[in-house]
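Observations on the model geometry
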Amino acid sequence: MEQYIQPFVDGSVEVFRDLCNTEINAGRSYFVSKDEFETIWDVSGIIGLSGEANGAVAISLKEDTAFKLTSILTGKEYKSIDSEVTDVLGEIVNIVAGNVKNVFEKKHRIKITMPSIIKGKAHSIVWPSERARIICIPFSIFGDQEFCLSVAMEQSK
């Protein structure tokens, strides 16, 4: 499992460091079943994966974290999840997924979709694969905040 998870961790650390000028630290990843998956987050950016592997990647955050990230990139303050906040989250998840796609491309041909954004307190994510298990990778950010990168991926038949 480490060989599949580490590119997501490395890609996330790189994107947040280089794009957002922000250090993040990965916690211990864990599996969650689709039935148990409930989000405590306020907004999620999702990218679908298709090809030799199918699934999705999601980055989920609380409002305050999304506002702070967007402020770093735009220099403005935010108090609601508007189009600039969702654009920033979409771009972050797009770059993370694109970097991971490039890592896996050596072994698997994978295509990624355009990012989709889900917002709202305690929203649900409908994962594209029935069999794939969801791996959650928690990250700490800004010292006292966190976000979660979730991955559900399986080999195509």
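No experiment lies behind these values; they were computed from the predicted model shown.

Quick word on the environment of isoleucine 141
- Among the secondary structure elements, isoleucine 141 is positioned in strand 7 (residues 134-141).
- For isoleucine 141, a relative accessible area of 1% puts it in the buried group.
- Separated by 115 residues in sequence, isoleucine 141 and alanine 26 have C-alpha atoms that sit 9.3 Å apart.
- Once you skip the residues sitting within four places of it in the chain, isoleucine 141 turns out to touch Phe16, Thr22, Glu23, Ile24, Thr65, Leu69, Glu146 and Phe147.

Overview of unusual backbone geometry
- In this model, asparagine 21 sits at a positive phi of 50°, which is unusual for a non-glycine residue.
- Considering the arrangement of structural elements, one finds asparagine 21 in the loop between helix 1 (2-18) and strand 1 (24-26).
- In this model, alanine 122 sits at a positive phi of 55°, which is unusual for a non-glycine residue.
- Here alanine 122 shows up in the loop between strand 6 (116-119) and strand 7.

Observations concerning the nonpolar core
- Grouped together as the largest cluster of nonpolar side chains are 37 residues, with contacts concentrated most on Ile59, Ile92 and Leu149.
- Listed by contribution, the elements that provide at least two residues to this core are helix 1, strand 3 (43-51), strand 4 (53-61), helix 2 (63-74), helix 3 (83-104), strand 7 and strand 8 (145-155).
- A per-element tally of this core places helix 3 first, with nine residues.
- Leucine 149 has contacts with Phe8, Ser12, Val57, Ala58, Ile59, Val96, Ile135, Cys136, Ile137 and Phe139, leaving out every residue within four places of it along the chain.
- Counting residues in each nonpolar core, the second largest holds twelve residues, with Trp41, Ala56, Ala58 and Cys136 among its members.

About the cut-offs
Residues numbered from 1 in each chain as written. Predicted model: local features only at pLDDT ≥ 70, side-chain atom pairs only at ≥ 80, totals over all residues. Heavy atoms only, no water. Helix = DSSP H or I, 4+ residues; strand = E, 2+ residues; numbered from the N terminus. Buried < 20%, exposed > 50% of the residue type's maximum accessible area, 1.4 Å probe, protein only. Contact = heavy atoms within 4.5 Å. Core = buried A, V, L, I, M, F, W, Y, C linked by side-chain atoms within 4.5 Å.

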